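# Structural features, examined
One-letter residues, chain by chain:
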Amino acid sequence: MKVAVMGCGTVGSGAVEILESKGELLSARCGEPVELKYILDIRDLSSRPYGKKVVKDIDLILEDPEVGVVVETMGGIEPAFTFCMKCLNAGKSVVTSNKEMVAVKADDLFEAARANNVSFAFEAAVCGGIPVIRTMFTDLGANRLTGFDGIMNGTTNFILTKMIKEKMSFDSALKLAQELGYAEKDPTADVEGLDACRKTAILASIVLGTHVRPEEIPTEGISRITLEDASYASDAGAEIKLICKAEKLPDGKVYAAVSPAFVSRNTMIANVSGVNNAVALRGDSVGEVFLYGPGAGKEATASAVISDVLECIRLKKNQEHYYFAPHRDGLLCGKGENITSLYVRGYAKHMETAAREIRETFESVRFLSRDNSPANELAFITGKGREKDLYEAVAGIRDFASASVIRVL
Ligand code: HSE
C-alpha cells in the first residue's frame, strides 16, 4: 500500500520520518509493503532527504490508484477539509491529526468515508501519542462509556508545571513550549483552552455517540491563573490543572466543560506534569481506566498517525469503526447546571464581617491561607452545590469582592 502525507510541518515530518525509516517493520506489521509515495507541501523541501517525493498538486495523489491512505497533517479547517473530502471521495482512507477539523467537520467526513467505503481515522487528534480514541472505540467496546476527566493540552500543562514548580514566568514558559514544538501556531488556542475544547468535543462525541460541537462546551483557559492561587491550592493539598471533562448524567444528557480546576494531590491526574497528558476514562463495566503519556510533540503524535495508517491498511473497510452520529441540539446539560465546589479568592472590606457572611452563606466552607498574603485577602473552598447557585452566592457576599474563582474537581 502506498501512502501520501499532506503537510510536512512538525507532525507531518515526524510521520514521514517513521514511514521512511521503519518501512520494513511497518510492512511486517500489516502483512504488505507500506511505502511513502508523495508529500504534498507548498514549501520548497527539495533539500530534505525525502525531497524527491514532494509534490504541489493534490491531483497527483487523487489520481494515483496505488495510493490507498492519505495522511492529513496540515492543521486548520481549510484547505485541509476540502483536501480530505477529495481524498475520501477518490476512494482513499484518510488519517488526520487535525482536531479542529474533526471537532467541527466530523459529520461530513464520516458521511464521505461511509459513502466511499473507506476509513477515516483521527487517533492523533486527541492527546498526541496516547491511544485514547482506539481505546474508547475498541478496547472498551463492551462498555457504555460514562465520562472522562483529562489533561489534554500539553502546552498549558507544561506552562502550569513550569510556573508552579519552577516559578518561571508565563511568557518564558510559553516561549519554551513553542521552541519545543508543543504549541499551536496561534498559542491563544492553547492558552485560552480552545485546543483542549476541540479535543473534549471529540471525546464527548464518542461518549455520547453523537457529535458534540466545540461551541457547545463552556471553555476557560489558564491565562487568569496566578501564583497566589497556586499557593492557596498548595494549602488545600491540590494542584491547579486545565481539566477537560465530560460526564453522562442520569437524565441521559452530557455535562462537558474545559476549565482550570483544583485537583487533589492524591489523585493520579494531579501528578501529570510537563507536556504529558492523561485521561481517566469511565465505562459501566470496567470502572475507570487511566491513560498517560506524551500529549504533544513531533515523534509522539506521529506515532499515533502511523498506527492509524497501519489500522487502515489492515482493516481495509472499517468505515463503521470510528463513528458517531451527526449533531443534534439539546443533548448537553446547560451551563452552570453541574454540581461542584468552588475555590474563591478575593478581598474583604472588613475581614471579620466577610468571614462571618461567607460562613453563613455556604453550608460548609474551608478557609485557606498562604504566606505573605495582603491583610484584606480571603480564600476559601465552598461545599458542593449547583455551580450557578454557588456563583450567585459568591456575588451576593456584601463585604467581599472576588478576584478569582476556580472549580474544585
Ligand atoms: N498544542 C497542542 C498541545 C498540540 O499542546 O497539546 C497537541 O495537540
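Residues numbered from 1 in each chain as written. Predicted model: local features only at pLDDT ≥ 70, side-chain atom pairs only at ≥ 80, totals over all residues. Heavy atoms only, no water.

### Things to note about the site of the ligand
In the region of the ligand, the neighbouring residues are Lys-99, Asn-153, Gly-154, Thr-155, Tyr-182, Ala-183, Glu-184, Asp-190, Asp-195, Lys-199, Gly-295 and Ala-296. Backbone polar atom of Gly-154 to an oxygen atom of the ligand: 2.7 Å apart, as the coordinates give it. Lys-199 is positioned with one of its side-chain polar atoms (N or O) 2.8 Å from an oxygen atom of the ligand. The fraction of the free accessible surface of the ligand (260 Å²) that becomes covered by protein chains is 93%. Elements that contribute at least two residues to the shell around the ligand include exactly helix 7 (154–166) and helix 10 (194–208). (Near = heavy atom within 4 Å. Polar contact = N/O pair within 3.5 Å; in protein donor to acceptor, adjacent residues only side chain to side chain. Areas by Shrake-Rupley, 256 points an atom, 1.4 Å probe, with all protein chains shown as cover. Helix = DSSP H or I, 4+ residues; strand = E, 2+ residues; numbered from the N terminus.)

### So, the domain arrangement of the protein
Per the domain assignment, the segments making up the protein are domain 1 (2–128 + 299–315), domain 2 (133–294) and domain 3 (339–408). At the junction of the two partners, domain 2 supplies 15 residues and domain 3 supplies 14 residues. In total, about 1300 Å² of surface goes out of reach between domain 2 and domain 3, with carbon and sulfur atoms giving 54% of it. Three residues stand out in domain 2 for area buried against domain 3, namely Tyr-232, Asp-235 and Phe-262, and they jointly supply 48% of the buried area on that side. (Domains from an automatic or database assignment. Contact = heavy atoms within 4.5 Å. Buried area = accessible area lost by both parts, 1.4 Å probe.)

### So, the packing of aromatic side chains
Scanning all chains against the criterion turns up 12 aromatic pairs. Centroid distance Phe-110 to Phe-324: 4.8 Å. Interplanar angle 90°. Geometry classified as edge-to-face. Here Phe-110 is found in helix 5 (residues 99–115), whereas its partner Phe-324 is found in the loop between helix 12 (298–315) and strand 12 (339–348), with 214 residues between them in sequence. A centroid spacing of 5.8 Å and a plane angle of 55° characterise the contact between Phe-380 and Phe-400, whose relative ring orientation is tilted. Taken together, the positions of Phe-380 in strand 14 (residues 377–382) and Phe-400 in strand 16 (residues 400–408) put the pair 20 residues apart, joining distant regions of the chain. (Phe/Tyr/Trp six-rings, centres within 6.5 Å; stacked < 30°, edge-to-face > 60°.)

### Details of the packing of helix 5 against helix 10
Where helix 5 meets helix 10, the closest approach of the two axes is 9 Å, and the angle between their N-to-C directions is 50°. By the angle between their directions, the pair helix 5 and helix 10 is classed as oblique. The two elements helix 5 and helix 10 cross, and the hand of that crossing is left-handed. In this structure, helix 5 contributes Lys-99, Glu-100, Val-102 and Ala-103 to the contact, and helix 10 contributes Asp-195, Arg-198, Lys-199, Ala-201 and Ile-202. (Axes fitted to C-alpha atoms, helices over the stretch in contact; angles between N-to-C directions. Parallel < 35°, antiparallel > 145°, perpendicular 65-115°, else oblique. Left-handed = near helix turned anticlockwise from the far one by under 90°.)

### Re the environment of Met-152
Take Met-152: it is sitting in the loop between strand 7 (145–151) and helix 7. Distance in space between the C-alpha atoms of Met-152 and Ala-196 is 5.8 Å, their sequence separation being 44 residues. Leaving out residues up to four positions away in the same chain, Met-152 has contacts with Val-126, Cys-127, Asp-195, Ala-196, Lys-199, Thr-200, Leu-203, Cys-244, Asn-277 and Val-279.

### Some points on the pattern of salt bridges
Side chains bearing opposite charge may pair, as long as their charged atoms lie close to each other. Tallied over the entire structure, the rule returns 31 salt bridges. Put simply, Asp-149 and Lys-245 hold a salt bridge, and the shortest N to O gap is 2.8 Å. In this pair, Asp-149 is assigned in strand 7 and Lys-245 in strand 8 (residues 238–248), connecting sequence segments 96 residues apart. Exposure class is identical for Asp-149 and Lys-245. Each is buried. Connected via shared salt-bridge partners are Asp-149, Lys-245, Glu-247, Arg-282 and Glu-288. (Salt bridge = Lys/Arg side-chain N within 4 Å of Asp/Glu carboxyl O. Buried < 20%, exposed > 50% of the residue type's maximum accessible area, 1.4 Å probe, protein only.)

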